[in-house]
Amino acid sequence: MVQGLKGALTLTGPEACLAYYRDWAASYDAGFAADMQYLLPAHVAAAFAGTAAGRPVLDVGAGTGLLAERLREMGFTGEIDAVDFSAEMLARAAEKRLYSSLFRADITRPLTLPRRYGGIVSSGTFTAGHVGPEAFPNLLDVALPAAQFALSINRRVWEAAGFDRALDGLAREGRIAGLQLIEVEIYGAAAAALDAEHAGDRALIALFRSV
């Protein structure tokens with residue numbers, strides 16, 4: 001499990017990501033998420049639920065559906081769609097019957113999804129070895145005006161990958177408004193015994209609205 005996380009954070013390129021998550025999908029929930037006490041999906045769900053959240057919602061980098069599970073547990077009854085690059089992770093999510101539709105897509109490229117989403121959420125996608133801020137314009141293209149975003153961004157890559165500059169730029173361009181940042185822990189106490197290097201990792205949840 002620990003090797004799973006370490007390997008995931010050093011991925012380079014889309015083909016490496018596809019191969020890695022193809023092999024990780026079967027053990028992701030019961031291994032990584034449970035053993036590391038993965039708190040981030042719940043933090044993102046709570047941050048989104050605390051807004052005047054729009055709907056329908058697009059869960060970006062949905063994986064096995066952990067964020068949607070937390071939203072449902074918090075009482076969110078609106079329609080949720082999933083998009084992820086990994087067919088195997090989406091297959092696991094489909095088994096949970098959380099989503100209205102599931103889409104396999106690379107969010108670093110223009111999306112063919114309809115522009116209909118009043119809420120866009122993401123947990124764990126914007127991190128080392130995964131997706132950078134180049135995906136933001138593609139997500140804005142499928143968001144309705146005033147759509148509520150709640151996106152987690154790993155603190156390790158916040159400045160290094162240019163997330164801070166990208167969001168500032170989108171605000172200056174008038175594409176987003178009301179940016180707020182909430183810093184949260186990614187893992188619970190159990191993670192320290194399993195992966196001391198990453199147990200203390202933190203993320204920023206970027207809350208903003210499309211314009």
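Our structure's up above, just so we're on the same page.
A brief structural summary. (Residues numbered from 1 in each chain as written. Predicted model: local features only at pLDDT ≥ 70, side-chain atom pairs only at ≥ 80, totals over all residues. Heavy atoms only, no water.)

Note on placement: Glu79 falls in the loop between helix H5 (66-73) and strand E2 (80-84). With a relative accessible area of 32%, Glu79 lands in the partly exposed category. Residues Glu79 and Leu58, 21 residues apart in the sequence, show an inter-C-alpha distance of 8.7 Å. Once residues lying within four places of it in the same chain are set aside, the contact partners of Glu79 are Pro56, Val57, Ser100 and Arg116. Within the structure, the side chain of Glu79 is placed 2.7 Å from the side chain of Arg116, a separation counted as a polar contact. (Helix = DSSP H or I, 4+ residues; strand = E, 2+ residues; numbered from the N terminus. Buried < 20%, exposed > 50% of the residue type's maximum accessible area, 1.4 Å probe, protein only. Contact = heavy atoms within 4.5 Å. Polar contact = N/O pair within 3.5 Å; in protein donor to acceptor, adjacent residues only side chain to side chain.)

Next up on the list: the side chain of Asp164. Mapped onto the secondary structure, Asp164 falls in helix H8 (residues 163-172). Assessed through its relative accessible area of 17%, Asp164 is described here as buried. Not counting chain neighbours up to four residues away, the residues in contact with Asp164 comprise Trp158 and Glu159.

With that settled, consider the sheet that holds strand E5 (residues 143-154). Read from one edge of the open sheet, 7 strands run E3-E2-E1-E4-E5-E7-E6, paired in mixed fashion. Every interior strand has two partners, whereas the edge strands, strand E3 (101-104) and strand E6 (176-185), have only one. Strand-to-strand, the axes of this sheet are offset by a mean angle of 15°, without reference to chain direction. When E6 meets strand E7 (residues 202-210), the two strands line up antiparallel, connected through 8 bridges. Of the residues in E7, the one forming a bridge with Ala177 is Arg209. Against the sheet, helix H4 (residues 40-49) touches strand E1 (57-60), strand E4 (117-126), E5, E6 and E7, its axis set at about 155° to E4. (Pairing = 2+ DSSP bridges. Axes fitted to C-alpha atoms, helices over the stretch in contact; angles between N-to-C directions.)

Among all positions in H4, only Leu40, Pro41, Val44, Ala45, Ala47 and Phe48 are buried. Considered in projection along H4, the buried side chains sweep an arc of 165° and stay on one side of the axis. On its buried face, H4 sits against E1, H5, E4, E5, E6 and E7. (Arc of directions from axis to C-beta.)

The subject of this paragraph is the pattern of salt bridges. Here the idea is simple: oppositely charged side chains can pair when their charged atoms come close. With the rule as written, the count across this model stands at 12 salt bridges. For Arg175, the salt bridge goes to Asp141, with nearest N and O atoms at 3.3 Å. Of the two residues, Arg175 sits in the loop between H8 and E6 while Asp141 sits in the loop between helix H7 (136-140) and E5, which places them 34 residues apart along the sequence. Asp141 sits in the partly exposed class, given a relative accessible area of 44%. (Salt bridge = Lys/Arg side-chain N within 4 Å of Asp/Glu carboxyl O.)

Close contact between H4 and H5 brings their axes to 8 Å; oriented N to C, the two are set at 50°. Taken as axis vectors, H4 and H5 run oblique relative to one another. In the crossing of H4 with H5, the sense of the turn from one axis to the other is right-handed. When H4 is examined against H5, the residues Pro41, Ala42, Val44, Ala45 and Phe48 are found in contact with a partner set consisting of Leu66, Leu67, Arg70 and Leu71. In the contact of H4 with H5, the residues fall into 8 nonpolar, no polar and 1 charged. (Parallel < 35°, antiparallel > 145°, perpendicular 65-115°, else oblique. Left-handed = near helix turned anticlockwise from the far one by under 90°. Nonpolar A, V, L, I, M, F, W, Y, C, P; charged D, E, K, R; others polar.)

Summarising the element assignment, Ala34 is placed in helix H3 (residues 28-35). Along the backbone, Ala34 and Gly188 are 154 residues apart, and their C-alpha atoms lie at a distance of 9.9 Å.

Of all the residues in helix H6 (residues 87-95), the buried ones are Met89, Leu90 and Ala93. Considered in projection along H6, the buried side chains sweep an arc of 95° and stay on one side of the axis.

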